[in-house]
Amino acid sequence: MAKPVVIVVGADKGGVGKTTVCRTLLDYFSIHSVQTRAFDTESPRGTLKRFHPDITEIVDMTTTADQMKIFDTLNSGLSVTVIDVRAGLLSPALTSLRDIGFLDAVRTGQITFALFHILGSSIASLDEIAETENFMNGGKYFLVKNFINDTQFFQWDHSTYNSYFHRIKDATDLTIPKLDEMAYEQVEVASVPFLRFIANKDPRDDAANYSFVLRGYVRHWLANVWSEYDRINLKDLAGATSVSRSGEK
């Protein structure tokens, strides 16, 4: 049996687009035929589950019972587990992963672990990097600059950023480009995965009537996001197969 892959997406700051990144990851694994499940820690309402209800479960990651739902079932047969960590919960979540022995299992090669750390535009994000890096021995650490919300990177000067980044030996920079605002809003209203919006399908997989222009913007944007994922060899991490870049199977 292949060892489980766990991808955590989070930040200690809200409003940086964590769930949007999760949605692109789930679409990416879908197009590569990777069996994936997701956990939405925005309990009790959930956000990720609205777009990917069939594979997403809402959990409270601060409770032992829900931690068991996630980590006691890593060998359930699904290749990848994606966890969308609620704003402000990243540091406590990593502490819990250390305390339950998850990070020890990563270091000994029993589990593949990747963290997508979504950066904000303030100096506080640099402090998050320094704190988070202490947990990443044996894991894959991706520093994500997400422009989806038109974030201006960075408020600090570049030499300050480099002074932090260069201290982290194995971190990899990743950029999520900005999506046309009207296109993004239309996908939000449709409450469907990006792939389904591109394919002009509604939540029930019936034919929809989404704008041809907006679908084109989403298709182009998603291809650029996936090019970044290809650059960091994400499909190799999950044992994915190669497909065309059309945005549809």
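Data block above holds the structure.
Undergrad: Give a description of the environment of Glu131 that names residues and reports values.
TA: Following the sequence through the fold, Glu131 ends up in helix α6 (residues 124-132). Along the backbone, Glu131 and Ser91 are 40 residues apart, and their C-alpha atoms lie at a distance of 8.1 Å.

Undergrad: Before we move on, could you go through the nonpolar core and cite the residues and values that matter?
TA: With 47 residues, the main nonpolar core has Ile7, Leu25, Phe29, Phe116, Tyr229 and Leu234 as its most contacted residues. If sequence neighbours within four positions are ignored, Phe116 has contacts with Ile7, Val8, Val9, Gly10, Val21, Leu25, Phe142, Val144, Leu174, Tyr229, Ile232 and Leu234.

Undergrad: Pulling in residues and values, what's your account of the pairing of strand β1 (residues 5-10)?
TA: The side chains of a regular strand alternate between the sheet's two faces. By the criterion of burial, β1 is predominantly enclosed, with six of the six residues buried. Here β1 shows a buried face lined by Val5, Ile7 and Val9 and a second buried face lined by Val6, Val8 and Gly10. With five bridges joining them, β1 and strand β4 (residues 80-84) adopt parallel strand pairing. Across the sheet, the residue bridging to Val6 is Thr81, located in β4. With six bridges connecting them, β1 and strand β5 (residues 112-119) associate as parallel partners. Note on β5: the bridge partner recorded for Ile7 is Ala114.

Undergrad: Got a sec to walk through the sheet that holds β1? Specific residues and values, please.
TA: Pairing is parallel in the open sheet, where seven strands are placed in the order β3-β2-β4-β1-β5-β6-β7. Looking at which strands have only one partner, the edges of the open sheet turn out to be β3 (56-58) and β7 (171-176). Looking at each pair of strands side by side, their axes are set apart by 20 degrees on average, direction ignored. Taken together, the six bridges between β5 and strand β6 (residues 140-146) define a ladder with parallel strand orientation. Counterpart to Ala114 in the pairing with β6 is Lys140. On the sheet, helix α3 (residues 64-71) packs against β2 (36-40), β3 and β4 and is oriented at approximately 165 degrees with respect to β2.

The rules behind each value
- Residues numbered from 1 in each chain as written.
- Predicted model: local features only at pLDDT ≥ 70, side-chain atom pairs only at ≥ 80, totals over all residues.
- Heavy atoms only, no water.
- Helix = DSSP H or I, 4+ residues; strand = E, 2+ residues; numbered from the N terminus.
- Core = buried A, V, L, I, M, F, W, Y, C linked by side-chain atoms within 4.5 Å.
- Buried < 20%, exposed > 50% of the residue type's maximum accessible area, 1.4 Å probe, protein only.
- Contact = heavy atoms within 4.5 Å.
- Pairing = 2+ DSSP bridges.
- Axes fitted to C-alpha atoms, helices over the stretch in contact; angles between N-to-C directions.

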